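Coordinates in review
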Amino acid sequence: MRLIERIGWTGCCLSFSRADYDRARQREELRRSGVYVLVGADPEGARPTRVYVGEGEEVRVRIDSHFREKDFWSSGFVLSTKDDSLNKAHIRYLEARLIAMAQTARIAAVDNATNPDALGRLSEPETADMESYLDEALILLPLLGVAAFEIYDEPDASAVVPVTKKDQAQIAGTRYLLNTQLTEAEGYSDSRGFAVLAGALARKEAKVMTAGYQRIREELITEGILADENELQYRLSRTFIFDSPSSAASVLAGGSKNGRTEWRDERGRTIKDNEEATAASPA
């Protein structure tokens, strides 16, 4: 159980494991108004993790109910303030923003059934204050292992400065190519998973794959992220972060693939080759 604060920020974040909830619920932070994030493995396997975002004028009351009724979560994170200055409108705004960000990022499965319509209920100065609060909170959460709200921003093409392949390797790690039947893609390992660049071509015909990969593929097609290119192929409309190289390869190829052997760098080496070479190198 950890309490995290930042100099110059009135907010705070209490993180705790489910096993420690009995101790955490005695803390003053859970008696205040705030928002909370519950994180655990996704039982359906569609994403590596599942998150639930909620709010409460006394956070403990809400988490008590989730402790009894929600089985998936193993860690909790409560965002409040040291002076208990967040009111109901503030926390509903923060809840709505975090849910929307998690749904956009698509790194974790979102357990919330709906996104509350709480935006626009604050004055302009209050909105600015809450966005400032969020900026600070979004610095802390990834440091605590919560990546569900990290949105991958596409660069502005007009502002891109050409870089060398050496620069690219330093910025994004080794680039890998996937070339199978009717499938062409470029990607690289990201701290949040495996990123596939916009413009990738995917095969429309689907064969046998695991239920989790099938679900991701169907969601991407429904949401237009995998958009019609021609009768045989889809095109990835934006850069998307998959949970693993195998997930990326399987979804794009329309069938189960071992991403560690399917993705190859410019020298023809697979991810497995490079990982084994790294492991065998002297410390």
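Rules used throughout
Residues numbered from 1 in each chain as written. Predicted model: local features only at pLDDT ≥ 70, side-chain atom pairs only at ≥ 80, totals over all residues. Heavy atoms only, no water. Helix = DSSP H or I, 4+ residues; strand = E, 2+ residues; numbered from the N terminus. Buried < 20%, exposed > 50% of the residue type's maximum accessible area, 1.4 Å probe, protein only. Pairing = 2+ DSSP bridges. Core = buried A, V, L, I, M, F, W, Y, C linked by side-chain atoms within 4.5 Å. Contact = heavy atoms within 4.5 Å. Expected span 1.5 Å × (residues − 1). Axes fitted to C-alpha atoms, helices over the stretch in contact; angles between N-to-C directions. Salt bridge = Lys/Arg side-chain N within 4 Å of Asp/Glu carboxyl O. Polar contact = N/O pair within 3.5 Å; in protein donor to acceptor, adjacent residues only side chain to side chain.

One non-glycine residue, arginine 106, lies in the positive phi region at around 60 degrees. Looking at the secondary structure, you find arginine 106 in the loop between α3 (88-105) and β6 (109-110). Given a relative accessible area of 7%, arginine 106 falls into the buried group. Even without a glycine there, the phi angle at leucine 182 is positive, about 60 degrees. Position of leucine 182 relative to the elements: it lies in the loop between β7 (175-180) and β8 (183-190).

The next thing to look at is the pairing of strand β5 (residues 75-81). By the criterion of burial, β5 is predominantly enclosed, with six of the seven residues buried. Two strands pair when backbone bridges link them, and strand β2 (residues 11-17) and β5 are joined in this way by seven bridges, in the antiparallel orientation. Within β5, the residue paired with phenylalanine 16 across the bridge is glycine 76. Relative to β5, strand β3 (residues 34-41) runs antiparallel, the two being bridged by five bridges. Considered in β5, the bridge of leucine 38 is made with glycine 76.

With that settled, consider the pairing of β8. Across six bridges, the pairing between β7 and β8 is antiparallel. Within the sheet, the bridge partner assigned to leucine 178 lies in β8 and is alanine 185. Connecting β7 to the antiparallel partner β8 that follows it, the hairpin turn spans two residues, and leucine 182 within it adopts a positive phi of roughly 60 degrees. Where β8 meets strand β9 (residues 193-196), four bridges bridge the pair, whose relative direction is antiparallel. Pairing of serine 189 across the sheet is with phenylalanine 194, part of β9.

Let us look at the nonpolar core. In this structure, Phe77, Leu79 and Phe149 are the most contacted members of the largest nonpolar core, which totals 30 residues. For this core, the secondary-structure elements that each account for two or more residues are β3, β4 (49-56), β5, α3 and α4 (124-143). Not counting the four nearest positions on each side in its chain, phenylalanine 149 is found in contact with Val37, Val53, Leu98, Met101, Ala102, Ala105, Leu138 and Leu141. Ala185, Ala248, Val251 and Ile271 belong to the second largest nonpolar core, which has 23 residues in total.

Taking 1.5 Å as the rise per residue, α4 with 20 residues should run 28 Å; its terminal C-alpha atoms sit 30 Å apart, in good agreement. Listing the buried residues of α4 in full gives Met130, Tyr133, Leu134, Ala137, Leu140 and Leu141. Summarising the contacts, the buried residues of α4 are in contact with β1 (2-5), β2, β5 and α3. Looking one or two residues beyond α4, the residue adopting positive phi is glycine 145, at roughly 95 degrees.

One can find isoleucine 271 in helix α9 (residues 271-280). Along the sequence, isoleucine 271 and tyrosine 176 sit 95 residues apart, while their C-alpha atoms lie 8.0 Å from each other. Contact partners of isoleucine 271, with chain neighbours within four places excluded, come to Tyr176, Phe194, Pro245, Gly259, Arg260 and Trp263.

In this section: the sheet that holds β5. The six strands are arranged β1-β2-β5-β3-β4-β6 in an open sheet whose pairing can be described as mixed. The sheet is open, and its two borders are formed by β1 and β6, each paired with just one other strand. Two strands pair when backbone bridges link them, and β4 and β6 are joined in this way by two bridges, in the parallel orientation. Of the residues in β6, the one forming a bridge with valine 51 is valine 110. Relative to the sheet, helix α2 (residues 59-69) contacts β2, β3, β4 and β5, its axis offset from that of β3 by approximately 25 degrees. Across the face of the sheet, α4 comes into contact with β1, β2 and β5 while running at roughly 150 degrees to β5.

This paragraph deals with the pattern of salt bridges. This model, assessed by the stated rule, comprises 17 salt bridges. Among the ionic pairs, glutamate 136 bridges to arginine 6, the shortest N-O distance being 2.6 Å. A residue pair is termed long-range when its members are at least 10 positions apart, and glutamate 136 in helix α4 and arginine 6 in the loop between β1 and β2 qualify at 130 residues. Residue arginine 6 is classed as partly exposed on the basis of its relative accessible area of 31%. Note that lysine 88 is salt-bridged to glutamate 55, the shortest N-O span being 2.9 Å.

This paragraph deals with the side chain of glutamate 29. Relative to the elements of secondary structure, glutamate 29 occurs in the loop between α1 (21-24) and β3. A polar contact is formed between the side chain of glutamate 29 and the side chain of arginine 27, at a distance of 3.1 Å.

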